[in-house]
Amino acid sequence: MSLTNVGNLMCLDMREVNPGKGTDAPEFCIKAAGRVLIESGGRNWVPVIVKEIEEDQYEVIGNSFIYAIAEEVGLERVWCIVADSSEKTFELTRILTGELIPKVNLSTASRDEIQAALQYLIEKPESELKGLKLAIATNRIDEAPRKYWETFEPITNLKCGITKGKKLDALKEVFYLTPQSEPEVITPKVSTATNLNTLTVTQLKDMAKKRGFSGYNKKKKPELVALLSTI
């Protein structure tokens, strides 16, 4: 596949372009915009974004609404910008053209990003989160150890108004997670009886358990220190 056209503005034959995912715009908007387009000379000054799928064949990846208008009024040619065919470019294009809602990484998001995303969800028509107290939810999510979350489930324990089911699922529209590994708890090495004596009986028993000793539960502190000093 030739990459010489990537980045170029081209006037393509409509027969060379397929609609891709298409648009969910109302039929009225498409028809009304088509009438305005014809009355204004029939040139789409805002280009359709396409990718080349084979030689001289293209697929719409952005501004699908404009393509639908051109198709509605029967344009023979449509102005397009050719993008590369990577998945990353496809996603970016749909975000920039308003055809895909961008998502925020909740693992690392700032407080302002969390608040803006929650406000967007609250204000949506028929929102599952209507009535959510924005300030409380924002603060509790922001202060939580979210960089370790593998799912959104811990949010339901924050008592912020977001419960399991549709409310929790609504968050997936604007958030995603890239969890970090939780830091490993390392028991400090204790090599002398003196150091062992500074620990409590509970700590000594925990060490004995981790080291695989048996019968440690009934031992007193001196016996535990002597046992652990053998390693």
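Located above this text is the structure these notes cover.
From a predicted model like this one, the values you see are computed outputs, not experimental measurements. (Residues numbered from 1 in each chain as written. Predicted model: local features only at pLDDT ≥ 70, side-chain atom pairs only at ≥ 80, totals over all residues. Heavy atoms only, no water.)

**Digging into the pairing of strand 4 (residues 57-62)**
Where strand 2 (residues 17-18) and strand 4 come together, two bridges link them in parallel fashion. Residue pairing in the sheet places Asn18 in a bridge with Glu59 of strand 4. One ladder, built from five bridges, connects strand 3 (residues 48-54) with strand 4; its direction is antiparallel. If you follow Glu54 over to strand 4, its bridge partner there is Gln57. Between the antiparallel neighbours strand 3 and strand 4 lie two residues, among them Asp56 with a positive phi of about 60°. (Pairing = 2+ DSSP bridges. Helix = DSSP H or I, 4+ residues; strand = E, 2+ residues; numbered from the N terminus.)

**A short note on the packing of helix 1 (residues 27-39) against helix 2 (residues 64-72)**
At a minimum axis separation of 9 Å, helix 1 and helix 2 run at an interaxial angle of 70°. Taken together, helix 1 and helix 2 sit at an angle that is classed as roughly perpendicular. Both helix 1 and helix 2 take part in a crossing whose hand is right-handed. Judged by residue contacts, Cys29, Ile30, Lys31, Ala33, Gly34 and Leu37 of helix 1 engage Phe65, Ala68, Ile69 and Glu72 from helix 2. Residues of the contact of helix 1 with helix 2, tallied by class, amount to seven nonpolar, one polar and two charged. (Axes fitted to C-alpha atoms, helices over the stretch in contact; angles between N-to-C directions. Parallel < 35°, antiparallel > 145°, perpendicular 65-115°, else oblique. Left-handed = near helix turned anticlockwise from the far one by under 90°. Contact = heavy atoms within 4.5 Å. Nonpolar A, V, L, I, M, F, W, Y, C, P; charged D, E, K, R; others polar.)

**Remarks on the environment of Lys221**
Relative to the helices and strands, Lys221 resides in helix 9 (residues 221-228). In this structure, the C-alpha to C-alpha distance between Lys221 and Lys205, residues 16 residues apart in sequence, is 9.0 Å. Residues in contact with Lys221, not counting those within four places in the same chain, are Asn197, Leu199, Val201 and Leu204. Within the structure, Lys221 has its side chain in polar contact with the backbone oxygen of Leu199 (distance 2.9 Å). (Polar contact = N/O pair within 3.5 Å; in protein donor to acceptor, adjacent residues only side chain to side chain.)

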